[in-house]
Amino acid sequence: MKTTTPGDGGRFRLLRYFAIASLVGVVLAGAGFGLFFRGTALKQIVRMGEDNNVALARALAGSLRPYYAPLIAGKSPDAPRLSRELEQIVRETVRDTRVVKVSLYDPAGRTVYTSNADVGPDEAAAPGFIDALAGNVSTQLDRPSAFDITGLALAEPSVLTTHVPVRASGSDKVDAVFALSSDATPFFEQIRHTQIALRYASAAVLISLFGILFLVARRADKVIKTQDDQRQRDADTIRHLAQHDELTGLPGRKLFADRLALALARARRNKTAAAVMFIDLDNFKEVNDTFGHTVGDRVLVGAGRLLRAALRTSDTVARLGGDEFTIIVENVADAQSVETVAEKIRSAFMPPVVVADGEAVFVTPSIGIALYPRDAVEPEALMNAADAAMYDAKAAGRDAYSFYGEKPKARVEEPVTSA
């Protein structure tokens, strides 16, 4: 009887778990690589944009100081003219750059100049302005709806705004803050296109790697399956050998005892009868002494085959050891039906048992029969009764059968053993 082991449905499915784990790994690796690339590229863009804005802001500071210093100090009687000239210089300076807005703030955060028509609120509370007033350069990435420096409107741009502190020559004090906003949209478009290309490239690499590892995992899965199947076969063989006779392949003593207990339980439940037959091959010792143990083993194998063929598939034939065989006959109608089975067994042994090509040996059975529940109700007692009946059959001259407590039947002359 085959049982379920890890070699069946419970076997570890390496290929299944590899496919799931590797697919998750590929997706996570691709997503992680994409995020890493975007984050790295974003930092690079911010750093480059900040460097450009700082350089331009300091260039503007040098050229615009004569114009914005009086405006910051509030001491210029001609502020409109200074503002117009400052505007003109700013536009000329940033014409060929990506700067889309230039603003100038005094130390109090008030807007001194802005290239945007909408001046907007003061910057006193803005984080970028506060950092710049402390002497630090600060850059933020924004996505405003539009910027305008020369009538140019940017739809959903990516804008880098850098606040740059400005100091008078020979002074450590920040006397103004420039805020330059530059259009970084083309860089982000480039990142997007590069990211798409890298996504395809990384997908191709990861899929290729997955394919290679899949082949390795499939091979390993086959090896594991082969080992599991072999382990299953070994376990089945060990289980079979533990319950069956190694020579004849018939059930052994333990399995016979288990089946007898079940058969009697069914008979008790269904209120039916059953029979146990104890069979001993007559003069088997002479067969071993005359022809050797190899031929003797072949006789035992042949005897088991004859017994199995003479019975129903529902009946059990077992070998207890040596030349002793036992039989369980279930659903017995009466003693006459069991007697018919015994006669059938005797008839099966009338031809010689073929042990090899051109070689045969005559053997006969002595059969002891015990009936349930007439003779005994417990398995061991029933076996003892059948064993005692078998000795009665032998004592009566062999090649006979005997019911427990009754006179043996079908006695014949001493059989002749020949080759």
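Please refer to the structure placed before this passage.
All figures in this text were calculated on a predicted structure; none of them were measured in a lab.

Conventions adopted
Residues numbered from 1 in each chain as written. Predicted model: local features only at pLDDT ≥ 70, side-chain atom pairs only at ≥ 80, totals over all residues. Heavy atoms only, no water. Phe/Tyr/Trp six-rings, centres within 6.5 Å; stacked < 30°, edge-to-face > 60°. Helix = DSSP H or I, 4+ residues; strand = E, 2+ residues; numbered from the N terminus. Buried < 20%, exposed > 50% of the residue type's maximum accessible area, 1.4 Å probe, protein only. Pairing = 2+ DSSP bridges. Polar contact = N/O pair within 3.5 Å; in protein donor to acceptor, adjacent residues only side chain to side chain. Contact = heavy atoms within 4.5 Å. Patch = residues over 30% accessible without salt bridge, like charges linked within 9 Å, V, L, I, M, F, W, Y side chains within 5 Å. Areas by Shrake-Rupley, 256 points an atom, 1.4 Å probe, with all protein chains shown as cover. Salt bridge = Lys/Arg side-chain N within 4 Å of Asp/Glu carboxyl O. 1 Å grid on protein atoms, 1.4 Å probe; cavity = no way out; pocket = protein on both sides within 12 Å on 5 of 7 lines; lining within 4 Å. Points joined across faces, edges and corners; volume = space filled by probe spheres on them. Nonpolar A, V, L, I, M, F, W, Y, C, P; charged D, E, K, R; others polar. Axes fitted to C-alpha atoms, helices over the stretch in contact; angles between N-to-C directions.

1. Examining the packing of aromatic side chains
In the structure shown here, the tally under the stated rule is 1 aromatic pair. Each ring, one from Y105 and one from F129, has its centre 6.2 Å from the other, and the planes form 80°; the classification is edge-to-face. Separated by 24 residues along the polypeptide, Y105 in strand β1 (residues 99-105) and F129 in helix α3 (residues 127-133) bring together distant segments of the chain. Classification of Y105 by relative accessible area gives buried; the value is 5%. For F129, a relative accessible area of 2% translates into the label buried.

2. Considering the pairing of strand β8 (residues 324-332)
With 7 of 9 residues buried, β8 is to be regarded as a mostly interior element. Note: strand β6 (residues 273-281) against β8, 7 bridges, orientation antiparallel. What sits directly across from D280, in β8, is E324. Linkage of strand β7 (residues 316-321) to β8, two consecutive antiparallel strands, is achieved through a turn of 2 residues, within which G322 is found at a positive phi near 55°.

3. A few points about the side chain of T161
Tracing the backbone through its elements, the reader meets T161 in strand β4 (residues 159-167). Here T161 falls in the buried class, since its relative accessible area comes to 10%. For T161, the side chain forms a polar contact with the side chain of S181, separated by 2.8 Å. Not counting the four nearest positions on each side in its chain, T161 is found in contact with S138, T139, Q140, D142, L180 and S181.

4. Examining a nonpolar patch on the surface
Among the surface-exposed residues, I20, V24 and L28 lie close enough to one another that they form a single nonpolar patch of about 290 Å² accessible area. On the secondary structure map, L28 appears in helix α1 (residues 14-73).

5. A look at the layout of surface pockets
Over the atoms, a rolling probe the size of a water molecule traces out where space has been left empty. Taken as a whole, the second largest pocket encloses approximately 240 Å³ of empty space. Residue lining of the second largest pocket: 15 residues in total, with G49, N52, R98, S182 and F187 positioned closest to the centre. When residues of the lining of the second largest pocket are traced back to their parent elements, those giving at least two are α1 and β5 (174-183). Looking at the lining of the second largest pocket, its residues break down into 7 nonpolar, 5 polar and 3 charged.

6. Notes on the sheet that holds strand β2 (residues 111-114)
Spatially, β2-β1-β5-β4-β3 is the arrangement adopted by the 5 strands of the open sheet, whose pairing is antiparallel. A strand with exactly one partner marks an edge of an open sheet, and here the two such strands are β2 and β3 (138-142). If you compare each strand with its neighbour and ignore which way they point, the axes differ by 20° on average. Here β1 pairs with β5 via 6 bridges, running antiparallel. Across the sheet, the residue bridging to V99 is S182, located in β5.

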